[in-house]
Amino acid sequence: MERYLEDHQKRRLTERVDIMTAIDILKSQGYNHDELIAELTKVFFVDLDVYNEVVVAA
């Protein structure tokens, strides 16, 4: 996910299923667990509470 956007162009990533999908895509591209949130926040506004729930459940 090497797209850098201005903050006003970012989509909100707030739904559990959308966050899980984004994580799965990043993992399939070779990103490790420690890089996930950094990469997601480059492209999306991420609901961190939901993100943490997803990561803990996985």
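This is a predicted model, so every value here is computed, not measured.

Colleague: Requested: an account of the overall build of the chain, with residues and values cited.
Modeller: When helices and strands are counted, the chain shows 3 helices and 2 strands. Secondary structure of the chain in N-to-C order comes out as β-α-α-β-α. The proportion of buried residues among the 58 residues of the chain is 28%. For the chain, contacts bridging at least 24 residues in sequence account for 72% of all contacts bridging at least 6. Of the roughly 4,100 Å² of accessible surface on the chain, 49% is carried by carbon and sulfur atoms.

Colleague: So what about the packing of aromatic side chains? Which residues, and what values?
Modeller: Counting across every chain of the model gives 0 aromatic pairs. We note K10 situated over the ring of F45; from NZ or CZ to the ring centre the distance is 5.4 Å.

Rules used throughout
- Residues numbered from 1 in each chain as written.
- Predicted model: local features only at pLDDT ≥ 70, side-chain atom pairs only at ≥ 80, totals over all residues.
- Heavy atoms only, no water.
- Helix = DSSP H or I, 4+ residues; strand = E, 2+ residues; numbered from the N terminus.
- Buried < 20%, exposed > 50% of the residue type's maximum accessible area, 1.4 Å probe, protein only.
- Contact = heavy atoms within 4.5 Å.
- Areas by Shrake-Rupley, 256 points an atom, 1.4 Å probe, with all protein chains shown as cover.
- Phe/Tyr/Trp six-rings, centres within 6.5 Å; stacked < 30°, edge-to-face > 60°.
- Lys NZ or Arg CZ within 6 Å of the ring centre and 35° of its normal.

Without other data, these values stay purely geometric and don't point to any function.
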